[in-house]
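Architecture at a glance
Listed below are the residues making up each chain.
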Amino acid sequence: MVRPVLLIVDDEKPALNALCAALEDDYEVYPAANAKTARGVLDSRAVDLLLTDLRLGGESGMDLIDYARTLPQAPTCIMMTAYGSPGTAAEAKKHGAFYFLTKPLNLDEVELLLKQAAHARGLEAENRDLSTRLQPTGGLDRMLGDSPQMQEIFKRIRRVAPTTATVLIEGETGTGKELVARALHNLSGRSGKFVAVNCAALSPQLMESELFGHERGSFTGAMQRRIGRFEEANGGTIFLDEIGEIDIPTQVKLLRVLAERSIERVGSNTPIEVHVRVIAATNRDLESMVEEGTFRRDLYQRLNVIAIHLPPLRERRGDVVLMANAFLREFCRENHREVKTLGRPALELLQNFDWPGNVRQLRSAIEHAVVMSTGDVIAPEDLPEFVASSPPTAPISQESTGKSQIGLDFLPEFNLQCLERRAILGALQHAKGNRTLAAQLLGINRRTLQRKMADAPDVFRQYL
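Residues numbered from 1 in each chain as written. Predicted model: local features only at pLDDT ≥ 70, side-chain atom pairs only at ≥ 80, totals over all residues. Heavy atoms only, no water.

1. Side note on the sheet that holds strand 16 (residues 306-310)
Taken together, the five strands give an open sheet; going across it, the order is 9-12-15-8-16, and neighbouring strands pair in parallel fashion. Every interior strand has two partners, whereas the edge strands, strand 9 (194-198) and strand 16, have only one. With strand direction ignored, the average angle separating the axes of adjacent strands in the sheet is 20 degrees. Here four bridges tie strand 8 (residues 167-171) to strand 15 (residues 277-282), and the two strands are oriented parallel to one another. Paired with I169 across the two strands is A281, which belongs to strand 15. Helix 6 (residues 148-160) rests against strand 8, strand 15 and strand 16 of the sheet, and its axis sits at about 155 degrees to strand 16. (Pairing = 2+ DSSP bridges. Helix = DSSP H or I, 4+ residues; strand = E, 2+ residues; numbered from the N terminus. Axes fitted to C-alpha atoms, helices over the stretch in contact; angles between N-to-C directions. Contact = heavy atoms within 4.5 Å.)

2. With respect to the pairing of strand 15
Within a regular strand, the side chains alternate between the two sheet faces. Most of strand 15 sits out of view: six of its six residues are buried. Burial of strand 15 is two-sided: the residues R277, I279 and A281 facing one way and the residues V278, A280 and T282 facing the other way are all buried. Here four bridges tie strand 12 (residues 237-241) to strand 15, and the two strands are oriented parallel to one another. Across the sheet, L240 pairs through a bridge with A280, a residue of strand 15. (Buried < 20%, exposed > 50% of the residue type's maximum accessible area, 1.4 Å probe, protein only.)

3. Quick notes on the packing of aromatic side chains
In the structure shown here, the tally under the stated rule is five aromatic pairs. Ring plane angle 25 degrees and centroid distance 6.1 Å describe the contact between F194 and F239, whose orientation is recorded as stacked. Highlighted residues: F194 in strand 9 and F239 in strand 12, separated in sequence by 45 residues. Of the two residues, F194 and F239, neither departs from the other in class, the shared state being buried. On the numbers, 4.7 Å between centres and 80 degrees between planes, the contact of F353 with W355 is edge-to-face. (Phe/Tyr/Trp six-rings, centres within 6.5 Å; stacked < 30°, edge-to-face > 60°.)

4. Here we look at the nonpolar core
Membership of the largest hydrophobic core comes to 29 residues, with the highest contact counts inside it found for F230, I238, L240, I243, F295, L299 and L303. Residue assignment for this core shows that the elements contributing at least two residues are strand 9, helix 8 (204-212), strand 12, helix 10 (248-260), strand 15, helix 11 (286-292) and helix 12 (297-303). Residue contributions to this core peak at four residues, all from helix 10. Beyond its immediate chain neighbours, meaning those up to four positions away, L299 contacts I246, Q251, L254, L255 and L258. Judged by nonpolar contacts, the second largest core, of 24 residues, contains F331, L350, W355 and I366. (Core = buried A, V, L, I, M, F, W, Y, C linked by side-chain atoms within 4.5 Å.)

Here's what the structure looks like:
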């Protein structure tokens, strides 16, 4: 197993030697007694973790972190000092420090924090690798979801994408139907374009011309020949969004296109062959419309070869935090803001809200919070009024998240002891209560684990 590369910078030689000796079994450690030596190490090799003192003789550890973060493979940085204060800690965070430690150091805390930093860095690397592998095809990289429902949808997309089958995507407004359609196209290998048509935005008079094109002079205002969206998508995919909004005459013409794989421009009797993959989407109940006589049964059967149903966000609340954090990073970057974090009170509001507008509404709420927030942590008052003033709902169940919530809901945020206890709880849950295995997962001995559990009996009561 490759050990993470750790650069330790401290101008106090005894402290530097002690840290190196304590950490050299788990890390490839490089010591540096000053900023100049540290920059030489950073320039000569890829460093994963940087643990630096604040005061380095005549230089500042803040400047060293600033330098490290300009590198192509910037390390995760942790600041330590004997001169800590809330203001200094906040300044370190603004410079990009992962955490701020106050001397004298507790070695167990240092080891745990480094493991957490290395783990977080590993997850980021995995996400970058996955994104890189998906980016050439633009596949599922824009779709987010860890819930069982979304994982099944991802599997279905991968299975269906390489085929020519017509797909019907069903789901409420804002659930991401167009993202699914684009993923199906991008993973299909088709050489043609992806062409999206919002059927709800077109009048019946314009629909036929928009889809199939028209010849010059075919109607008043047709000053020249126009290529329709089916021809534009030839060799690729046409996405018919809100398919339930088209009128019966257009449904008849669309059925013929699906059956014969050819179109006729308005004002022409000449058939034009088109090789187009058709994907349709709706937020309406087409089966009920068929029974009511407002949607043709034969067209519904043609469209519903493969059905993909997108669940509303309220049915997969476990995905809310994942998506909220992704949108948070996106909008901080777009608005040139320092990266913010979501505080627990704000997260609880987001998780408990029903999101009638689904993912689109959540995305809008996070953009609002980024713009309105003046601090490093998103607070309830930064969220839109409709979220901040929403009444509380039932607690999130274990089934909705796919993960156990036991013992985590009452731990405060941004506290080293909290991070440590969260890590211990996670290891115990993974090890099903086996303390020896949990200690191995954490990289500490069993006696240390028992001592830490005994220090917080209320937190670890189910494992004591």
